[in-house]
Amino acid sequence: MQYQTVTALQHTLAGHASCVGVGLHTGKPVRVTLKPAGVDHGIVFVRLDAPEFARRIAALVDKVTTTELGTTLANSAGVSVATVEHLMAALFGMGIDNAIVEIDGPEVPILDGSSEPFIEMIEMTGTRALGAPRRMLEVLKPVEVRLGNKLARLEPFDGFELDVTVEFTTRAIGRQRVVFDCTPQSFANDLGAARTFGFLHQVEAMQAKGLALGGSLENAVVIDGDAIVNQEGLRFADEFVRHKALDAVGDLALAGAPIKGRYVAERAGHEMNVALVRALLADETAWRWNFAPLAAELLPAAGA
């Protein structure tokens, strides 16, 4: 796939792409189909197994109902879709502004635990420029949320950069940091394949409570004490912090538009990310809509 370097126009998918997998927590099979959508549509989930009047769930931060063990969205009718972050990261990481996500169950499939399968779906169908300029959410001043020793901040930056740090007592992880200039090419090559991870004793406890029923060594990196259980080892030496950065891309996408700014995180997760997006949008002096100028060769495609 030839990655876009010009981000002035909105983009959607060039066709349809589907996959089937199991939900991380439900353990039940589910089918997802990505479809094109028009200008200013945004990302919208459509629950095919719900009544027609209650099927649509916009991928926006005001639809978030819980961030425990993943990010869950719900509409006013109470219809929800869980574990959306890896798919949202793939869509926004690959520069997709508008798409319909049809799903026939309550949870996005975990697949291999990363965004890579969704990236492959996007690459398989391709992308298409739409006839309107891309609207970006430009950060004008620092906005920060803290919880104990956890920190998440957005600050002005000419582009979209992530500076993410994790710290765990296990020697399998320790302290890791990644600074990442997020473009479609760098996301696909350096971030999208990083898998979710968990600790063996936590997985066993969750499964005893009826959670993580779809979790396995096929879709997560599992740590037992100071050892990594997966025989194949890691995809990156710092796969853990890369996955946290991937999660952040998916959560920040719930702002409803690409962010022009720098994201800084220390030990943050879904709860902090969602709180940060909410704090940013709540302060009207902290952001503005920014439209990238259209080069002369793009004006016809934009209807100008």
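Our subject is the structure that appears above.
Just so we're clear, the structure is a prediction, and the values are computed from it rather than from any experiment.

A. Up close: the packing of aromatic side chains. If you walk through the whole model with that rule in mind, you get 4 aromatic pairs. Judged by centre distance (5.8 Å) and plane angle (85 degrees), the rings of Phe 168 and Phe 197 are edge-to-face. One end of the pair, Phe 168, is in the loop between strand S14 (160-167) and strand S15 (175-181); the other, Phe 197, is in strand S16 (residues 197-199), and 29 residues separate them in sequence. Judged by centre distance (5.2 Å) and plane angle (75 degrees), the ring pair of Trp 287 and Trp 289 falls under edge-to-face. One aromatic cluster in this structure is built from Phe 168, Phe 197, Phe 199 and Phe 240. The side chain of Arg 135 reaches across the aromatic face of Trp 289, ending 3.7 Å from its centre.

B. View of unusual backbone geometry. Its identity is not glycine, yet Asp 40 carries a phi of approximately 60 degrees, on the positive side. As for its placement among the helices and strands, Asp 40 is situated in the loop between strand S3 (29-36) and strand S4 (43-47). Of note in the backbone geometry, Thr 83 takes a positive phi value of approximately 55 degrees without being a glycine. Mapped onto the elements, Thr 83 comes out in the loop between strand S8 (80-81) and helix H1 (85-93).

C. Spotlight on the environment of Gly 148. One can find Gly 148 in the loop between strand S12 (143-147) and strand S13 (150-155). Overall, Gly 148 belongs to the exposed group, its relative accessible area being 73%. Each C-alpha atom of the pair Gly 148 and Gly 105 lies 36 Å from the other, and the pair is 43 residues apart in sequence.

D. Representation of the side chain of Lys 260 within the structure. Relative to the elements of secondary structure, Lys 260 occurs in strand S19 (residues 259-266). For Lys 260, a relative accessible area of 18% gives the class buried.

E. Expanded view of the nonpolar core. Ranked by size, the top nonpolar core spans 77 residues in total, and within it Phe 45 and Tyr 263 carry the most contacts. Top element by residues in this core is helix H5 (residues 239-252). It accounts for 7 residues. Each residue touching Tyr 263, except ones within four places of it in the same chain, is listed here: Ala 152, Arg 153, Leu 154, Glu 161, Leu 162, Asp 163, Val 164, Ala 248, Leu 252, Ala 268, Asn 273 and Leu 276.

F. Molecular detail of the pairing of strand S2 (residues 17-22). A one-sided burial pattern is seen for S2, the buried positions being Ala 17, Cys 19 and Gly 21 and the unburied ones Ser 18, Val 20 and Val 22. Pairing analysis gives 6 bridges linking S2 to S3, with the strands arranged antiparallel. Counterpart to Ala 17 in the pairing with S3 is Leu 34. Here S2 folds back onto S3, and the loop between the two strands holds 6 residues, one of which, Gly 27, carries a positive phi near 75 degrees.

G. Local environment of the packing of H1 against helix H2 (residues 116-125). At a minimum axis separation of 8 Å, H1 and H2 run at an interaxial angle of 40 degrees. Taken together, the axes of H1 and H2 lie oblique to each other. In this structure, H1 meets H2 at a crossing whose hand is right-handed. Here H1 contributes His 86, Leu 87, Ala 90 and Leu 91 to the contact with H2, which in turn contributes Phe 118, Ile 119 and Ile 122. In terms of residue class, the contact of H1 with H2 is made up of 6 nonpolar, 1 polar and no charged.

H. Up close: the sheet that holds strand S7 (residues 72-74). Taken together, the 3 strands give an open sheet; going across it, the order is S6-S7-S8, and neighbouring strands pair in antiparallel fashion. Strand pairing shows two members of the sheet lacking a second neighbour, strand S6 (64-66) and S8, which therefore form its edges. Two strands pair when backbone bridges link them, and S6 and S7 are joined in this way by 2 bridges, in the antiparallel orientation. Opposite Val 64, over in S7, you have Leu 73 as the bridge partner.

Analysis parameters
Residues numbered from 1 in each chain as written. Predicted model: local features only at pLDDT ≥ 70, side-chain atom pairs only at ≥ 80, totals over all residues. Heavy atoms only, no water. Phe/Tyr/Trp six-rings, centres within 6.5 Å; stacked < 30°, edge-to-face > 60°. Helix = DSSP H or I, 4+ residues; strand = E, 2+ residues; numbered from the N terminus. Lys NZ or Arg CZ within 6 Å of the ring centre and 35° of its normal. Buried < 20%, exposed > 50% of the residue type's maximum accessible area, 1.4 Å probe, protein only. Core = buried A, V, L, I, M, F, W, Y, C linked by side-chain atoms within 4.5 Å. Contact = heavy atoms within 4.5 Å. Pairing = 2+ DSSP bridges. Axes fitted to C-alpha atoms, helices over the stretch in contact; angles between N-to-C directions. Parallel < 35°, antiparallel > 145°, perpendicular 65-115°, else oblique. Left-handed = near helix turned anticlockwise from the far one by under 90°. Nonpolar A, V, L, I, M, F, W, Y, C, P; charged D, E, K, R; others polar.

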